[in-house]
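Architecture and fold: a report
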Amino acid sequence: MTLETHRPQTGPRLPAGLTPDSVELFRAQLRGALIQPGDADYAEACQLYNAMIHKHPAMVARCADVADVIAAVALARERKLPLAVRGGGHNGGGLGLVDDGLVIDLSRMRGVRVDPEARTVRVSGGAVWGDVDHATHAFGLAVPSGIISTTGVGGLTLGGGLGYLTRRFGLTIDNLLAVDMVLADGRFVTASEDKHPDLFWAVRGGGGNFGVVTSFLFRANPVDTVLGGPTLWPLDRAAEVMRWYREFLPNAPEDLSGFFAFLTVPPAPPFPEALHLQKMCGVVWCYTGDPARADELFAPVKALKPALHGVMPMPFPMLQSAFDALYPPGHQWYWRADFVRELPDAAIERHVDFASRLPSMQSTMHLYPIDGAAHRVGPHDTAFRFRDARWSEVIVGVDPSPEQAGVISAWAKDYWSALHPYSAGGAYVNFMMEEGQERVQATYGDNYARLVAVKRQYDPDNLFHVNQNILPGPVKPPSVAH
């Protein structure tokens, strides 16, 4: 993969197929803003969460409503413009922007409406999970999502949705009831189990390949105060802890979840000063069950004599936002990922080796559990294929300095190469960079052919291709079977 380098923009430079008159006509159609190179807010509109990547669109349409989205899709289709769709903007590969084309920016469409009686929540396509958590928590409800509240609802959901509530309530897509979408041909449709069921199947894990989702309807679940926080051990005990974790969590009640992590302890509260900047391993817990059972459930954890057991009662949104400050927008990021069915001792040995070489304070490796409720949905019931995986592994090199970009990237690539032989193949699409068609196909496995058929029906010209792309053409057999 080649990351794009910065190139200055001196003023509006229109791609082929556009004229100044056509741009002004489009501008007049929008309720939202149209931003071009040379505008005062252009640089801000093109900032990516991953500062390692720079892209320079010809236009950014900050859509105010569905009508704006329809107009933008029509322009891209009729003028054959490269088109990207941006929600929360967290995509590691920078796929919310596109060079020399049009960006549909949904970030001004952030409405959330909760129906507490029906336990549903309607979320606009540009919302982030902090918006949802704020609205649902008032009613003692939550929608399964990720672990950082600034993540966009759209991208996380369309890729599947893994996080603290996966074991108890399933993936985010397992709680998705319907989507409103603008299709490549300009139609506005609702997709659900009853309407356009093939499209609804595809968007549950198939990413942004099929249209622009302008709103989501989710089932909300009873979650209020949780027991959450980290338990940490010294890095020289990492092999012991990983062996314990691989047996403990899959056999724990589903209302207890925890992702495993290698980390460097941040030099800030609530961590004790004695642990600051130490390389450690740990589990970040979320328990949504009866508090009276907490001592019993955490007894095996405490029996391992951790250096820190920071689990405490907290509102669920507090746990969801605990890592926001550690991972702000604008840092250098390089991600590699795999699905994992087993953690053999040989793999653990390699994990520990690379953990000892964490290249920066924010670089990490996480293992997110995929079991419990997520395993009760079949591998062909949604586009998300790896229902038989136990974990989603992500290796993340992060640093604020551009000078460290090569260091963190090399560490992540080498780490991934060492662990990939122990993987199930494929990867959670939300943790992928631009890694090529073979990796995309491996991620969907025997669901890929059906995704291609849906793509041909709803986007035969591949208008929506700035993503982990599902091509509408013939399916090629992968060179390596997993």
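Residues numbered from 1 in each chain as written. Predicted model: local features only at pLDDT ≥ 70, side-chain atom pairs only at ≥ 80, totals over all residues. Heavy atoms only, no water.

1. Examining the confidence of the model for the protein
To be explicit about the condition: Confidence scores per residue from the predictor, reported as pLDDT, run from 0 to 100. Residues are treated as being in contact if the distance between any of their heavy atoms lies within 4.5 Å.
Looking at the protein as a whole, the pLDDT averages 95, with 96% of positions reaching at least 70. Every residue in residues 1–11 is under pLDDT 50, and counting partners more than four places away or in other chains gives 22 contacts. Below pLDDT 50 for its whole length, residues 478–482 participates in 7 contacts with residues either more than four positions away or in separate chains.

2. A word on the sheet that holds strand 1 (residues 33–35)
What counts, and what does not: Only strands that DSSP links by at least two bridges are regarded as paired with each other. Per the convention used, a helix needs a DSSP run of H or I reaching at least four residues, while a strand needs a run of E reaching at least two, with both numbered from the N terminus. With axes taken as lines fitted to C-alpha atoms, and helix axes fitted only over the stretch in contact, angles between N-to-C directions fall between 0 and 180 degrees.
Reading across the sheet, the 4 strands line up as 1-2-4-3 and stay open at both edges, with mixed pairing between neighbours. In this open sheet, the two strands that pair with only one neighbour each are strand 1 and strand 3 (83–86). Across this sheet, the average inter-strand angle for adjacent strands is 20°, counted without regard to direction. As paired elements, strand 3 and strand 4 (residues 102–105) share 4 bridges and run parallel to each other. Looking across to strand 4, one finds that Leu 83 is bridged to Leu 102. Strands in contact with helix 3 (residues 66–79) are strand 2 (59–62), strand 3 and strand 4; relative to strand 4, the strand with the most contacts, it is inclined by about 165°.

3. Points about the packing of aromatic side chains
Put simply, the test is: To pair, rings of Phe, Tyr and Trp, with the six-membered ring standing in for Trp, must have centres within 6.5 Å; the planes then decide the type, stacked if under 30 degrees apart, edge-to-face if over 60, and tilted in the middle. Summary of the burial criterion: residues with accessible area below 20% of their type's maximum are buried, those above 50% are exposed, and those between are partly exposed, where the area comes from a 1.4 Å probe applied to protein chains only. When the NZ atom of lysine or the CZ atom of arginine is within 6 Å of a ring's centre and also within 35 degrees of its normal, the charge is said to sit over that ring.
Counted according to the given criterion, the structure contains 24 aromatic pairs. Residues Trp 244 and Phe 248 carry aromatic rings whose centres are separated by 4.7 Å and whose planes lie at 15° to one another, so their mutual orientation is stacked. Taken as a pair, Trp 244 and Phe 248 lie in helix 8 (residues 238–248) at a separation of 4 residues, close to a single helical turn. When the centroid spacing of 5.3 Å and the interplanar angle of 75° are considered together, the rings of Trp 411 and Tyr 415 count as edge-to-face. Taken together, the residues Trp 411 and Tyr 415, both in helix 12 (residues 405–419) and 4 residues apart, mark about one turn of the helix. Each member of the pair, Trp 411 as well as Tyr 415, is classed as buried. In this structure, Arg 336 is placed above the aromatic ring of Trp 416, and the distance from its NZ or CZ to the ring centre is 4.0 Å.

4. A short note on empty space enclosed by the protein
Rule in force here: Any residue with an atom within 4 Å of a point lines the site, the site being either a cavity, points on a 1 Å grid over the protein atoms alone where a 1.4 Å probe fits but cannot get out, or a pocket, an open set with protein on both sides within 12 Å along at least 5 of 7 lines. Grid points are joined across faces, edges and corners, and a volume is the space filled by probe spheres set on the points.
Using the criterion set out here, one finds 4 cavities of 30 Å³ or more in the structure. Considered as a void within the structure, the second largest cavity measures approximately 50 Å³ in volume.

5. Thoughts on the state of the cysteines
Selection criterion: Cysteine sulfurs are considered disulfide-paired once they come within 2.5 Å of each other.
Applying the stated criterion across every chain yields a total of 0 disulfides. The closest cysteine sulfur to the non-disulfide-bonded Cys 46 is located on Cys 63, 15 Å from its own sulfur.

6. A few points about the nonpolar core
To be explicit about the condition: By nonpolar core is meant a set of buried Ala, Val, Leu, Ile, Met, Phe, Trp, Tyr and Cys residues that side-chain atoms within 4.5 Å join together.
Of all hydrophobic cores here, the largest spans 137 residues; its most connected members are Leu 199, Phe 260, Phe 262 and Trp 285. With 8 residues, the single largest contributor to this core is helix 12.

7. A word on the sheet that holds strand 5 (residues 112–115)
Pairing is antiparallel in the open sheet, where 5 strands are placed in the order 5-6-10-8-9. The two strands at the open ends of the sheet, each matched to only one other strand, are strand 5 and strand 9 (188–192). Taken pair by pair, the neighbouring strands of this sheet meet at an average axis angle of 15°, ignoring direction. Taken together, the 6 bridges between strand 8 (residues 176–182) and strand 10 (residues 212–219) define a ladder with antiparallel strand orientation. Looking at strand 10, one finds that Met 181 is bridged to Val 213. Against the sheet, helix 4 (residues 129–137) engages strand 5, strand 6 (120–124) and strand 10, with an angle of about 35° to strand 5.

8. Remarks on helix 13 (residues 437–444)
Burial analysis of helix 13 places 6 of its 8 residues in the buried class, the great majority of the element. Buried within helix 13 we find Arg 439, Val 440, Gln 441, Ala 442, Thr 443 and Tyr 444. Those residues of helix 13 that are buried are in contact with strand 17 (332–340), helix 12 and helix 14 (448–458). Gly 445 lies just past helix 13 and shows a positive phi near 50°.

9. Details of the pattern of salt bridges
The line we're drawing: Any carboxyl oxygen of Asp or Glu that lies within 4 Å of a side-chain nitrogen of Lys or Arg is treated as forming a salt bridge with it.
On inspection of all chains with the given rule, the structure shows 22 salt bridges. Its salt-bridge partner being Arg 77, residue Glu 78 comes within 3.7 Å of it at the nearest N-O pair. Two residues, Asp 131 and Arg 110, come together in a salt bridge whose shortest N-O distance is 2.9 Å. With Asp 131 in helix 4 and Arg 110 in the loop between strand 4 and strand 5, this residue pair connects regions lying 21 residues apart in the sequence. Residue Arg 110 is classed as partly exposed on the basis of its relative accessible area of 40%. Bridged by salt links that share partners, the residues Arg 336, Asp 338, Glu 435 and Arg 439 form one connected network.

10. Let's talk about the pairing of strand 9
In this sheet, strand 9 lies alongside strand 8 in antiparallel orientation, the contact comprising 5 bridges. Its bridge partner being in strand 9, Val 179 is matched across the sheet by Ala 191. With antiparallel pairing between neighbouring strands as the criterion, strand 8 and strand 9 make up a hairpin whose turn holds 5 residues, including Gly 186 at a positive phi of roughly 95°.

11. A look at the environment of Gly 146
Residue position: Gly 146 is located in the loop between strand 7 (141–142) and helix 5 (153–159). Note on Gly 146: relative accessible area 7%, which makes it buried. Between the C-alpha atoms of Gly 146 and Gln 320, which are 174 residues apart in sequence, the distance is 7.6 Å. Among residues more than four places away in sequence, those in contact with Gly 146 are Leu 156, Leu 162, Gly 163, Tyr 164 and Gln 320.

12. Quick look at the packing of helix 11 (residues 345–355) against helix 12
Short version of the rule: Roughly parallel means an angle under 35 degrees; roughly antiparallel, over 145; roughly perpendicular, 65 to 115; everything else is oblique. Nonpolar residues are Ala, Val, Leu, Ile, Met, Phe, Trp, Tyr, Cys and Pro. Charged residues are Asp, Glu, Lys and Arg, and all others, Gly as well, are polar.
As a packed pair, helix 11 and helix 12 sit with axes 10 Å apart at the nearest point and diverge in direction by 170°. Between helix 11 and helix 12, the crossing angle belongs to the class labelled roughly antiparallel. On helix 12, the residues that touch Ala 347, Arg 350, His 351 and Phe 354 of helix 11 are Trp 411, Asp 414, Tyr 415, Ala 418 and Leu 419. Across the contact of helix 11 with helix 12, the residue classes break down as 6 nonpolar, 1 polar and 2 charged.

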